[in-house]
Amino acid sequence: MTDSRTRPGVDLAPPRDAEALRYENRLLLVLFLSFGFVFFDRQALAFLAPFIDDEFGLSHTELGVLSGALAFTWALSGMVIGRVSDRLGRRKPLLIGAVVLFSVFSAVGGLMAGFVGLLAARALMGVAEGAVLPLSQSLMVEASQEHRRGLNMGLLQGSAAGLLGGIAAPLVVVWVAEQFGWRTVLLLTIVPGLLIAVWMAKWVRETPPGVVPAVRGPAAQESGAAGTTSVREVVRHRNIVLCTLAACCYLTWFVVLITFTPVYLEDVKGYSSGTMSGVMTCFGVAWVLWGFLIPAISDRIGRRTTMVVFTSIAVLCPLAVVFISHPLVLGPAIVLSYTGLGCFTLIMATIPAETVSRTALATSLGLVMGVGELTGGVIAPLAAGWASDTWGLETAMYIAAGGAILVVLLSLGLRETAPRVLQRRAGRTTPPTTTTAGAST
């Protein structure tokens, strides 16, 4: 596997000026809202399920199919659109199109009269939504200063999803559904989506200020490859293979834990609905906090060390659900141990982006996210559900913990990519400079 010490195709840029700094912050805000709203839309179905069930009379299997269909198309879309983006050398128009389409398909879901129509709308929504994260992170990594790269990508992926999908979604979605019906929730989602798309069209640039555009030679153009890196070359990087495997395991930890904890708290521990809701809110709080703190810490101490330490803590979260009885103790324990969402950004975005060349950014991100989503978002909950029916709901929690343990082992094999850590190792004392992406190891 590839073990280069510098990333191929990286162009050093001059020190940041005021325009570049303003653009970095503005892009972070736009993409934060964009992906946060994507996750708001994705999480909405779980909170609307009781209202939809009252009208359609859906079985538990049908509700699971609705969720699984979106995860499946999300995964495929991330891999395909990421590759298309790198081949075209364009991300902005694809990102704007994805935001518009997922907003439209989400609203269309509110017009459906039955299960099949709603399933089609959710599947199409997944096609559009799956493209948003790899395209957004590939834009963000180029616009970020080296010492802020992990922080920016963590805010975009972890904290945005936690704040809007983990905290705002249950409050807003349930209130609107109770007041105006579940269809109104889906119909209204088109408004913020279109506003974000307009904002993107006005402010987002294909190449940030101060970054030299990637050079694509005549030979590459004549071959039709537009200077892209093949998928085969991407998976030759040891970090890409390890991050892809870790994404499968970490998404198993996340999806299984978040899917089965509510029913475990009510059916096994005997919590009331209100108590269960309060405990689940602790997941959202931890999501927001660790979502940016862990990537920021990794900027200073290194990606590999951060992954090992905080994933080891994440192993304890599903075990806390099983072994801690009192909700006032369990809530703080969840806030302290639900650290995996901060590590998500590192294995699914930051480390892959710092490993490959600029012409393979969206391809590598789409690959890691897509394969991880197929395994952890589609296969793992089905397996955990069967295991829980066979051996009890505790089994789902042990499966989640096992997924995190595997990530710890995989993280031990990662090669460091954090620019500050690599500079310290090389004995360099110059201030960090901006690159289109980081060094690869």
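Everything below is about the structure shown above.
What comes next concerns the included structure. (Residues numbered from 1 in each chain as written. Predicted model: local features only at pLDDT ≥ 70, side-chain atom pairs only at ≥ 80, totals over all residues. Heavy atoms only, no water.)

1. Regarding the side chain of Q137
Inspection of the secondary structure assignment puts Q137 in helix α5 (residues 132-143). A residue is classified by how much of its surface remains accessible, and Q137, at 0% relative accessible area, is buried. Here Q157 takes part through its side chain, which lies 3.1 Å from a polar atom of the side chain of Q137. Those residues within four positions of Q137 in sequence are excluded, and the remaining contacts are M153, L156, Q157, T345, A349, L365 and M369. (Helix = DSSP H or I, 4+ residues; strand = E, 2+ residues; numbered from the N terminus. Buried < 20%, exposed > 50% of the residue type's maximum accessible area, 1.4 Å probe, protein only. Polar contact = N/O pair within 3.5 Å; in protein donor to acceptor, adjacent residues only side chain to side chain. Contact = heavy atoms within 4.5 Å.)

2. Side note on a nonpolar patch on the surface
A cluster of nonpolar side chains, namely I405, L406, L409 and L412, defines an oily patch on the protein surface of about 370 Å² accessible area. Tracing the backbone through its elements, the reader meets L412 in the loop between α18 (394-411) and α19 (419-425). On the basis of relative accessibility, which here comes to 43%, the residue L412 falls in the partly exposed class. (Patch = residues over 30% accessible without salt bridge, like charges linked within 9 Å, V, L, I, M, F, W, Y side chains within 5 Å. Areas by Shrake-Rupley, 256 points an atom, 1.4 Å probe, with all protein chains shown as cover. Salt bridge = Lys/Arg side-chain N within 4 Å of Asp/Glu carboxyl O.)

3. Let's talk about empty space enclosed by the protein
Using the criterion set out here, one finds 1 cavity of 30 Å³ or more in the structure. In this model, the largest cavity occupies a volume close to 240 Å³. Secondary structure elements with two or more residues in the lining of the largest cavity: α1 (18-56), α2 (60-88), α5, α6 (149-180), α11 (238-267), α16 (340-353) and α17 (361-391). The class makeup of the residues in the lining of the largest cavity is 15 nonpolar, 7 polar and 2 charged. (1 Å grid on protein atoms, 1.4 Å probe; cavity = no way out; pocket = protein on both sides within 12 Å on 5 of 7 lines; lining within 4 Å. Points joined across faces, edges and corners; volume = space filled by probe spheres on them. Nonpolar A, V, L, I, M, F, W, Y, C, P; charged D, E, K, R; others polar.)

4. Some words on the pattern of salt bridges
Per the stated rule, a full pass over the model turns up 10 salt bridges. Among the salt bridges present, the one from R90 reaches E206, with a minimum N-O distance of 3.5 Å. Here E206 lies in the loop between α8 (190-203) and α9 (218-223) and R90 lies in the loop between α2 and α3 (92-109), a separation of 116 residues in the sequence. Taking the relative accessible area as the measure of exposure, E206 reaches 18% and is therefore buried. Here E142 makes a salt bridge to R91, at a shortest N to O gap of 3.0 Å. With E142 in helix α5 and R91 in the loop between α2 and α3, the pair connects residues that are 51 residues apart, well separated along the chain. The exposure classification of E142 matches that of R91, with both residues buried. Linked through salt bridges whose partners overlap, the residues forming this network are R90, R91, E142 and E206.

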